[in-house]
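Commentary on secondary and tertiary structure
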Amino acid sequence: MSSINLAVLLVLGLLLVTAQQSMQMSLRNPTAEIETSNCKIAFLRLGLVFTSDNNEKALLDSGLYEADSENPSVDIAGRRFHIGTLNNSLIIYVKTGSHSVNVATAVQILLLRFRTSGIIFFGSSGSLDEKILVPGDVAVPKAVAFTGVWDWKKFRSEEGKLVFGDFNYPENGENLLGTVEYQKINMFSPHEAAKEVFWLPITTSWYNAATEALKVCQSQKCYSGKCLPGKPKVVFGSKGSTSDFYVRNKAYGDFLNDNFGATTADTASASVALTSLSNEKLFVVFQGVSNVAGETNSESGISYLASYNAFLAATKFINSIPTPRLACE
Ligand SMILES: *[C@@H]1O[C@H](CO)[C@@H](O)[C@H](O)[C@H]1NC(C)=O
């Protein structure tokens, strides 16, 4: 055999060994360890979930996150699950990407593959009521709903809450787009038959814990020279509207506010809620307000501040939850 052939064989052999090792690594991931250990890892982690790079930047910029030295992350279905501590609380976090399918998929994987005591979501939202929420504020909703699940009726149908003709400009009138009826969504859960729901309630005990933990909250007012006009606040008990489209339209924002009493619109919260409820897991949602629906987009500094303030609220909440121990066998 020529020396070149030998070299090629050697390289191939090495590649095979490496591939096998990395497979063993992934099989020996911390999930399995957590699932099968008797007291080896006697803690449940809190699952921290967010959608965007902007959110992850807030987490990393804070300097409060420390990756686990042995198993810093696990990749599943193209998502990276990061294992570590946030200001000394044990967490596992995932950046889900946007829109309901991606958010729900990542949350479901997190809940299936890792032992967590619950899900904490933080993200951005648009205010639907400037009198209550302005950019930089954080909303802690009591309930969220999917408001993008439509039964689109025929022209001149008598049914449907959203009547396009009401929005004709400059005058109301008939509109070929007709009307839209809002649909409930199927909620599956382990101990009950599937049911149709609209509002998805935030876990009461965690909602109450959040109001307690955030009584005094240090929000940030400025970021790289951009400052909020007022002192940012945390607003409790709001209702959040979620859809796969982000609401930048004032007329539609007003409609959501008038008809559903929603004060925020986002593209993720209801997915986190539905997935957590289906798994009978505790969850809570922190929405940083990055803009007011229909107003000129806020500058990127302001939307980062919204993300950062929502992150700070989530951290404060996480630090207030005692880390539950797994029962040892
Ligand atoms: C991190 O933990 C320390 C000590 O418990 C606390 O004083 C601080 O406020 C926490 N930081 C944040 C951002 O919550």
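Figured I'd write up the structure that's included with this text. These figures come from a predicted structure and were not determined experimentally. (Residues numbered from 1 in each chain as written. Predicted model: local features only at pLDDT ≥ 70, side-chain atom pairs only at ≥ 80, totals over all residues. Heavy atoms only, no water.)

Some thoughts on the state of the cysteines
- All told, the structure shown has one disulfide when counted by the stated rule.
- The side chain of Cys222 participates in a disulfide bridge whose partner is Cys227; the two sulfur atoms lie 1.9 Å from each other. Sign of the S-S torsion, about 110° for the bond between Cys222 and Cys227, identifies this disulfide as right-handed.
- Taking the relative accessible area as the measure of exposure, Cys222 reaches 32% and is therefore partly exposed.
- Note on Cys227: relative accessible area 41%, which makes it partly exposed. (Disulfide = S-S within 2.5 Å. Buried < 20%, exposed > 50% of the residue type's maximum accessible area, 1.4 Å probe, protein only.)

A word on helix α7 (residues 269–278)
- Taking burial as the measure, the 10 residues of α7 include eight buried ones, the bulk of the element.
- Listed as buried for α7 are Ser269, Ala270, Ser271, Val272, Ala273, Leu274, Thr275 and Ser276.
- Once α7 finishes, Glu280 follows within two positions and takes phi at roughly 50°, a positive value. (Helix = DSSP H or I, 4+ residues; strand = E, 2+ residues; numbered from the N terminus.)

As for helix α6 (residues 250–260)
- Where α6 is concerned, the buried positions are Tyr252, Gly253, Phe255, Leu256, Asn257 and Phe260.
- Structurally, α6 contributes buried residues whose contacts are with β9 (150–152), β10 (162–163), β11 (179–182), β14 (199–201) and β18 (239–242).
- For α6, the N-terminal cap is Asn249; the gap from its side-chain oxygen to the backbone nitrogen of Ala251 is 3.1 Å.
- At the exit of α6 stands Gly261, carrying a positive phi of roughly 70°. (Contact = heavy atoms within 4.5 Å. Polar contact = N/O pair within 3.5 Å; in protein donor to acceptor, adjacent residues only side chain to side chain.)

Side note on unusual backbone geometry
- Cis rather than trans, the peptide bond between Tyr169 and Pro170 has omega equal to 5°.
- By the element assignment, Pro170 lies in the loop between β10 and β11.
- Although it is not a glycine, Asn88 adopts a positive phi angle of roughly 80°.
- Within the fold, Asn88 resides in the loop between β4 (79–86) and β5 (89–95).
- Of the residues examined, Asn88 reaches a relative accessible area of 70% and is grouped as exposed.
- At Glu280, a residue that is not glycine, the phi angle is positive and equals roughly 50°.
- On the secondary structure map, Glu280 appears in the loop between α7 and β20 (282–292).

Quick look at the packing of helix α5 (residues 204–213) against helix α8 (residues 300–320)
- Packing of α5 against α8 brings their axes to within 9 Å, and their N-to-C directions diverge by 110°. Regarding the angle of α5 to α8, the classification is roughly perpendicular. Each of Trp206, Ala209, Ala210 and Ala213 in α5 lies in contact with α8, whose residues at this interface are Lys316, Phe317 and Ser320.
- In terms of residue class, the contact of α5 with α8 is made up of five nonpolar, one polar and one charged. (Axes fitted to C-alpha atoms, helices over the stretch in contact; angles between N-to-C directions. Parallel < 35°, antiparallel > 145°, perpendicular 65-115°, else oblique. Nonpolar A, V, L, I, M, F, W, Y, C, P; charged D, E, K, R; others polar.)

Digging into the site of the ligand
- Neighbouring the ligand are the residues Leu64, Asn87, Gln218, Leu312, Thr315 and Asn319.
- In the environment of the ligand, an oxygen atom lies 2.4 Å from a nitrogen or oxygen atom belonging to the side chain of Asn87.
- For the ligand, whose unbound accessible area comes to 360 Å², protein coverage reaches 48%.
- Broken down by class, the residue content of the shell around the ligand amounts to two nonpolar, four polar and no charged. (Near = heavy atom within 4 Å. Areas by Shrake-Rupley, 256 points an atom, 1.4 Å probe, with all protein chains shown as cover.)

A few points about the pattern of salt bridges
- Enumeration according to the criterion identifies 12 salt bridges in this entry.
- Among the salt bridges present, the one from Glu212 reaches Lys215, with a minimum N-O distance of 3.0 Å. Of the two residues, Glu212 and Lys215, both sit in the exposed class.
- The partner of Asp254 in a salt bridge is Lys250, with the nearest N and O atoms 3.0 Å apart. Here Asp254 and its partner Lys250 are both found in helix α6, four residues apart, which amounts to about one turn of the helix.
- On the accessibility criterion, Lys250 (47% relative accessible area) is partly exposed. (Salt bridge = Lys/Arg side-chain N within 4 Å of Asp/Glu carboxyl O.)

Focus: the packing of helix α3 (residues 53–61) against α8
- In the contact formed by α3 and α8, the axes pass within 9 Å of each other and the chain directions differ by 60°. Comparing the axis directions of α3 and α8 gives the class oblique. For the crossing formed where α3 meets α8, the hand is right-handed. Touching Asn54, Asn55, Lys57, Ala58, Leu59 and Asp61 of α3 are Ser303, Tyr304, Ser307, Tyr308 and Phe311, all from α8. (Left-handed = near helix turned anticlockwise from the far one by under 90°.)

Considerations on the pairing of β5
- Burial analysis of β5 places six of its seven residues in the buried class, the great majority of the element.
- The sheet contact formed by strand β1 (residues 45–50) and β5 spans five bridges and is parallel. Across the sheet, residue Leu46 finds its bridge partner in β5, namely Ile91.
- Note that β4 and β5 share six bridges and pair antiparallel. (Pairing = 2+ DSSP bridges.)

Coordinates in, geometry out; function isn't part of it.
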